[in-house]
Amino acid sequence: MSRSAMTTTIRRRLASEIGRIDKQAPFRVALSYPSPYRAGMSSLGFLQIYKMIQAEPGMACERAFLPDDEGQGTSGAEGAPVTYEGLRPLSDFPVIALSVAYELELAGVVRLLELAGLPALREERDGRHPFVLAGGPLTFSNPLPLAVFADAILMGEADTLAVDVLRRLRDAPSREAALDELAGVPHVFVPSRHGAEMPPVAQCDNALLPAWSPIRAEETELSNMFLIEAERGCSRGCTYCVMRRSTNGGMRIVPKERLLELIPEDARRVGLVGAAVSDHPKIVEVVRTLAERGCEVGLSSLRPDRLTDEFVGALRLAGYKTLTTAMDGTSERVRETLERRARPRHLQRAAELARQHGMNRLKLYLMVGVPGETDADVDECVAFVTELSRIVPVALGIAPFCPKRNTPLHGARFAGIDVVNKRLDRLRRGLRGRADVRATSARWAWVEAVLAAGGEAEGRAVLQAVHAGGSFRDYERAFEKVQRPEPPRRQSLPLLAAG
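Remember, it's a predicted structure, so these values are computed and weren't measured experimentally.

## Considerations on the sheet that holds strand E11 (residues 296-299)
What the three strands build is an open sheet, ordered E7-E10-E11; its pairing is parallel. What marks the edges here is a single partner per strand, and that holds for strand E7 (226-229) and E11. Here the strands of the sheet are splayed against their neighbours by 25 degrees on average, with no regard to which way each runs. Looking at chain direction, strand E10 (residues 269-273) and E11 are connected through four bridges and run parallel. Its bridge partner being in E11, valine 270 is matched across the sheet by valine 297.

## Examining the packing of helix H4 (residues 106-115) against helix H16 (residues 456-468)
In contact at an axis separation of 9 Å, H4 and H16 are set at 65 degrees when each is read in the N-to-C sense. By the angle between their axes, H4 is roughly perpendicular relative to H16. Judged by the twist between their axes, the crossing of H4 over H16 is right-handed. Residues Leu106, Ala107, Val110, Arg111 and Glu114 of H4 pack against Val462, Leu463, Val466 and His467 of H16.

## What to know about the pattern of salt bridges
A side chain of one charge can pair with a side chain of the opposite charge when the charged atoms of the two come close. The full count for this structure, using the stated rule, is 52 salt bridges. Residue arginine 428 pairs with aspartate 425 through a salt bridge whose shortest N-O separation is 3.7 Å. Note that arginine 428 and aspartate 425 are positioned in helix H14 (residues 417-431) at a spacing of three residues, about one turn of the helix. Judged by relative accessible area, arginine 428 falls into the partly exposed class, the value being 33%.

## As for the pairing of strand E3 (residues 95-99)
E3 sits mainly inside the fold: five of its five residues count as buried. Residue alternation in E3 divides its side chains into two sets, Val95, Ala97 and Ser99 and Ile96 and Leu98, and both sets are buried. Judged from the three bridges that link them, strand E1 (residues 27-33) and E3 form a sheet pairing that is parallel. Each bridged residue has a counterpart across the sheet, and for leucine 31 the counterpart in E3 is alanine 97. Strand direction decides the pairing type here: E3 and strand E4 (residues 131-135), joined by five bridges, are parallel. Within E4, the position partnered with alanine 97 by the bridge is leucine 133.

## A closer look at H4
Residues separated by three or four positions in an α-helix point in the same direction, a consequence of the helix having 3.6 residues per turn. Where burial is concerned, most of H4 is hidden: eight out of the 10 residues are buried. Those residues of H4 that sit buried are Leu106, Ala107, Gly108, Val109, Val110, Leu112, Leu113 and Leu115. Positive backbone phi, approximately 80 degrees, marks glycine 117, located one or two places after H4.

## Quick look at the confidence of the model for the protein chain
Chain-level statistics for the protein chain give a pLDDT mean of 93 and a share of 95% at 70 or above. Scored below 50 in pLDDT, residues 493-499 shows 17 contacts in the model against residues more than four places distant or in partner chains.

## Some thoughts on the packing of helix H13 (residues 375-389) against H14
Running from N to C, H13 and H14 point in directions that differ by 30 degrees, and their axes come no closer than 9 Å. Taken as axis vectors, H13 and H14 run roughly parallel relative to one another. Crossing geometry of H13 relative to H14 is assigned as right-handed. Residues Asp375, Val378, Asp379, Cys381, Val382, Val385 and Thr386 of H13 form the contact with H14, whose own contacting residues are Arg423, Arg426, Leu427, Gly430 and Leu431.

## What to know about the environment of arginine 333
Following the sequence through the fold, arginine 333 ends up in helix H11 (residues 332-337). Placed 40 residues apart in sequence, arginine 333 and glutamate 373 show a C-alpha to C-alpha distance of 8.8 Å.

## Overview of empty space enclosed by the protein
All chains considered together, the criterion is met by two cavities of 30 Å³ or more. Computed from the structure, the largest cavity encloses a volume of approximately 110 Å³. Met6, Arg13, Pro67, Asp68 and Tyr84 are, among the 13 residues lining the largest cavity, the residues nearest its centre. With four residues, helix H1 (residues 3-16) is the largest single contributor of residues to the lining of the largest cavity. For the lining of the largest cavity, a count of residues per class yields 10 nonpolar, one polar and two charged. Taken as a whole, the second largest cavity holds about 40 Å³ of empty space. Taken together, Met41, Leu47, Ser213, Ile215, Arg216, Ala217, Thr220, Leu222, Met225 and Leu227 make up the full set of residues lining the second largest cavity.

## A look at the packing of aromatic side chains
Applying the stated criterion across every chain, the model contains 11 aromatic pairs. Note on tryptophan 446 and phenylalanine 472: the rings are 5.7 Å apart at their centroids and 70 degrees apart in plane angle, and the pair reads as edge-to-face. Of this pair, tryptophan 446 sits in helix H15 (residues 442-452) while phenylalanine 472 sits in helix H17 (residues 472-480), placing them 26 residues apart in sequence. Phenylalanine 472 carries the same exposure label as tryptophan 446, and that label is buried. Their ring planes at 80 degrees and their centres at 5.7 Å tell us that tryptophan 446 and phenylalanine 479 sit as a pair that is edge-to-face.

## Here we look at the nonpolar core
Leu272, Val287, Leu299 and Leu323 are the most contacted members of the largest nonpolar core, which has 114 residues in total. The element contributing the most residues to this core is H15, with eight residues. Not counting the four nearest positions on each side in its chain, leucine 323 is found in contact with Leu302, Leu307, Val312, Leu315, Ala350, Ala354, Met359, Arg361, Leu362 and Lys363. Membership of the second largest hydrophobic core comes to 42 residues, among which are Met6, Val95, Val185 and Ala202.

## Overview of unusual backbone geometry
The peptide bond linking leucine 209 to proline 210 adopts the cis configuration, its omega dihedral lying at 5 degrees. Following the sequence through the fold, proline 210 ends up in the loop between helix H7 (191-194) and E7. With a phi close to 55 degrees, leucine 87 is a non-glycine residue in the positive phi region. Take leucine 87: it is sitting in the loop between strand E2 (59-65) and E3. Here asparagine 224, not a glycine, exhibits a phi torsion of approximately 55 degrees, which is positive. As for its position among the elements, asparagine 224 is in the loop between H7 and E7.

Calculation rules
Residues numbered from 1 in each chain as written. Predicted model: local features only at pLDDT ≥ 70, side-chain atom pairs only at ≥ 80, totals over all residues. Heavy atoms only, no water. Pairing = 2+ DSSP bridges. Helix = DSSP H or I, 4+ residues; strand = E, 2+ residues; numbered from the N terminus. Axes fitted to C-alpha atoms, helices over the stretch in contact; angles between N-to-C directions. Parallel < 35°, antiparallel > 145°, perpendicular 65-115°, else oblique. Left-handed = near helix turned anticlockwise from the far one by under 90°. Contact = heavy atoms within 4.5 Å. Salt bridge = Lys/Arg side-chain N within 4 Å of Asp/Glu carboxyl O. Buried < 20%, exposed > 50% of the residue type's maximum accessible area, 1.4 Å probe, protein only. pLDDT = per-residue confidence, 0-100. 1 Å grid on protein atoms, 1.4 Å probe; cavity = no way out; pocket = protein on both sides within 12 Å on 5 of 7 lines; lining within 4 Å. Points joined across faces, edges and corners; volume = space filled by probe spheres on them. Nonpolar A, V, L, I, M, F, W, Y, C, P; charged D, E, K, R; others polar. Phe/Tyr/Trp six-rings, centres within 6.5 Å; stacked < 30°, edge-to-face > 60°. Core = buried A, V, L, I, M, F, W, Y, C linked by side-chain atoms within 4.5 Å.

And the structure:
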């Protein structure tokens, strides 16, 4: 995208935003997201940090995103990203604050920094360059591959931690002094000082909940939607999830009254966000109240064992046309290994409620390649989904299982690209004409699995892959040079038992 086209796009998007906090301050930060605007402005965590910085006296931020067409872009003046508020290059700022959601966004970190004319590797930057501060959901699992790019990483919930660290960076006499000081701050990971020893994740004071989005933007994945946390964390113990009950004190609920008072009266679309939104004890009342205001309401998670006639009726009133919930594993036995509460009766009831309330279809999310899974489990899935399809049209959204650190399944192996694809083919053949089956790429799931278990060497491999073009084959070649056991690419290796 040319500089003039980029400027035109930015101005159009700014004109359509509602709630932007325009502010001038002596200390300005480039708050950046390593994916395009459409994704970044749908991230509640990114928007929460924006709001916290803009509330701090003497401090302000300008947003920056990976250009929409970055895949074809190169570094240089024409392709360089600029901030939305000031149309300034990232190199103009003392600090670039990055929010990184998951492993595959590491490529976006490399591209964003290099398009800005900055070295991606932290070791190649010095006091002449901006300080790169990173945080985001990735830090709950494994930010070690990110450590080759970031000068410091905020672990966990950074609602107030981010502003505290930015104050210290503002006041530090030098880059080295800043690194030394941050190394002593709880929950701040400074790779050049800590090596691979990561501190524990931070927990935000409950009194500061909920996070909510100050900006509603039109050109996003969640167009013109006001996002707000209904709860934070989860009370469940799913063995594959980094947000299970052992993470940051489990589930913290935002009172119904607090939720409703924070939602603007003019908001016509509301997104209730959290790892376990449907477990909120007042969720039906919240959804129904918003629907009666005339709001379209979306929930980030629906658990099948929580769905009742009243709940699904409220969702339908709030604009739901598809009932989406989690099936998780291909069989009852697999779900048991994952410690999921979803039972066949819950999923069957979900299908019946979807039909009863006039919804178009039931959409189920599940994983394949879970440790210990066999073809018999896949066949059970085919038979069960076939039964559901006789009640209501069914769509499956499938992701290959990817083991993550800080979960009981962190030592499991990725099943293998060939194994995952064979299981997907078996599902598609068995459900042809009965259910719509869509799956994310087994190849890129393998890349994610390598990074999820990796360290700085895998981060450097990302840099090599991006420089080579960023194709799957480029990642294969780059990872082949890393001398450590990897998740199997093709044929399955022995899988660990759950737990």
